[in-house]
Amino acid sequence: MESHPLIICRCEEVTLAELVETAQAYPCTARELKLRTRAGMGCCGGRTCRTLIDQVIQQVTGQAPSHTVPLGYQPPIRPVSFQTLGGQRA
C-alpha cells in the first residue's frame, strides 16, 4: 500500500501515510492503530473513518480486522434538542 498524505480522520487530522507507517511499524489490530494514532477518536467518534482504518489494517497485515474488542462509536458530547438547533422557542 502506498503512503499518501490523504487525510483519513478529519477530526484528528490523521493521514493515510501515518496509518500505514504505524501499522507497518507495529503489527496491530484496528483498535491498537486507533489508540496509537488517535484516528477515530475525534468528535465524530469514528463514524467517518472507522471503515477506512479497518481497510488499512487489512491491506497492511493481510488479515481481516478482528472485532473482539470493537471500535466503538461515541455519542455526541452532549445532546442538543431540535428546538435549540432551530432557534425557535415554543
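See the structure shown above.
These numbers come from a predicted model, not from an experiment.

(A) Inspection of the packing of helix H1 (residues 16-25) against helix H3 (residues 50-61) at higher detail. It is at 10 Å that the axes of H1 and H3 come closest, and there the two elements cross at 45 degrees. Comparing their axes, H3 and H1 come out oblique. Relative to H3, H1 is oriented so that their crossing is right-handed. Mapping the contact onto sequence places Leu16, Leu19, Val20, Ala23 and Gln24 in H1 and Val56, Ile57 and Val60 in H3. Here the contact of H1 with H3 is composed, by residue class, of seven nonpolar, one polar and no charged.

(B) Main features of unusual backbone geometry. The phi dihedral of Glu13 is positive, around 55 degrees, even though this residue is not glycine. In this structure, Glu13 sits in the loop between strand S1 (7-9) and strand S2 (14-15). Looking at Glu13, the relative accessible area reads 57%, which means it is exposed. Even without being glycine, Arg38 reaches a positive phi, approximately 70 degrees. Within the fold, Arg38 resides in the loop between helix H2 (30-37) and H3. Look at Arg38 and you get partly exposed, because its relative accessible area is 39%.

Procedures and definitions
Residues numbered from 1 in each chain as written. Predicted model: local features only at pLDDT ≥ 70, side-chain atom pairs only at ≥ 80, totals over all residues. Heavy atoms only, no water. Axes fitted to C-alpha atoms, helices over the stretch in contact; angles between N-to-C directions. Helix = DSSP H or I, 4+ residues; strand = E, 2+ residues; numbered from the N terminus. Parallel < 35°, antiparallel > 145°, perpendicular 65-115°, else oblique. Left-handed = near helix turned anticlockwise from the far one by under 90°. Contact = heavy atoms within 4.5 Å. Nonpolar A, V, L, I, M, F, W, Y, C, P; charged D, E, K, R; others polar. Buried < 20%, exposed > 50% of the residue type's maximum accessible area, 1.4 Å probe, protein only.

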